[in-house]
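Okay, here's what each chain looks like letter by letter:
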Amino acid sequence: VGYYAATRPNGQWRNPFSWHPFLMTVGMVGCMGIAAITKKLGGYTNTKNHGIIANLGVLLCLGGFYAIYRNKNLWGKEHFTTLHGKAGLALIVSSIGAGMVGGVFLHPDFGIDKTNKTIRFAHKTFSRSVLAAAWMTAFYGFYTMTQNPLDL
């Protein structure tokens, strides 16, 4: 599946689609997963690194979003017509929201309510649900791609 995704369409290596699964996986699974583990280590420095790594993940996901959006434009396809596309858009928006809440309310230097346990719990729970949904959306994307490999 990875080779197939990297060589779409028509065996061309330099196409926008191949960047979509790569950037989304590195962003959501790699960076945001590592950010969650980093936060669990505790402490001031790890909390700041958690925010940096998680927001890097959001930026990578935005790059993956751009890649698939551009690919759809090149092929004249409609946007957000599948469950995978709609879920992906919702996850991008949710990730941005979680990052904004973390930065505005929970930042260790200037968070306006950094000691609020309710906000911390909501941020943690919501972010974990976003990561779980990202895994499901990624697997669903690969599954649908193998079911109908000619549909971009």
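Residues numbered from 1 in each chain as written. Predicted model: local features only at pLDDT ≥ 70, side-chain atom pairs only at ≥ 80, totals over all residues. Heavy atoms only, no water.

1. As for the overall build of the protein
The secondary structure content of the protein amounts to 5 helices and 0 strands. By the burial criterion, 32% of the 152 residues in the protein qualify as buried. The long-range fraction of contacts in the protein, counting pairs at least 24 apart against all pairs at least 6 apart in sequence, stands at 63%. About 9,400 Å² of surface is accessible on the protein, with carbon and sulfur atoms providing 69% of the total. (Helix = DSSP H or I, 4+ residues; strand = E, 2+ residues; numbered from the N terminus. Buried < 20%, exposed > 50% of the residue type's maximum accessible area, 1.4 Å probe, protein only. Contact = heavy atoms within 4.5 Å. Areas by Shrake-Rupley, 256 points an atom, 1.4 Å probe, with all protein chains shown as cover.)

2. Remarks on a nonpolar patch on the surface
On the surface, Leu-59, Leu-62, Ile-96 and Met-100 cluster together into a nonpolar patch covering about 370 Å² of accessible area. When residues of the nonpolar patch are traced back to their parent elements, those giving at least two are α3 (44-75) and α4 (83-105). Judged by its relative accessible area of 58%, Leu-59 falls in the exposed class. (Patch = residues over 30% accessible without salt bridge, like charges linked within 9 Å, V, L, I, M, F, W, Y side chains within 5 Å. Salt bridge = Lys/Arg side-chain N within 4 Å of Asp/Glu carboxyl O.)

3. A short note on the side chain of Thr-137
Mapping Thr-137 onto the fold places it in helix α5 (residues 117-147). Of the residues examined, Thr-137 reaches a relative accessible area of 10% and is grouped as buried. Those residues in contact with Thr-137, other than ones at most four positions away along the chain, are His-84, Ala-87, Gly-88 and Leu-91.

4. What to know about α3
In this model α3 runs 47 Å from its N-terminal to its C-terminal C-alpha over 32 residues, within 8% of the 46 Å that 1.5 Å per residue would give. Looking at α3, one finds that the buried residues are Thr-47, His-50, Ala-54, Gly-57, Val-58, Cys-61, Gly-64, Ala-67, Ile-68, Asn-71 and Lys-72. Of the surrounding secondary structure, the elements contacted by the buried residues of α3 are α2 (16-40), α4 and α5. Trailing α3 by a residue or two, Gly-76 shows a phi angle of about 70°, which is positive. (Expected span 1.5 Å × (residues − 1).)

Read these as layout, nothing more, since geometry by itself doesn't imply function.
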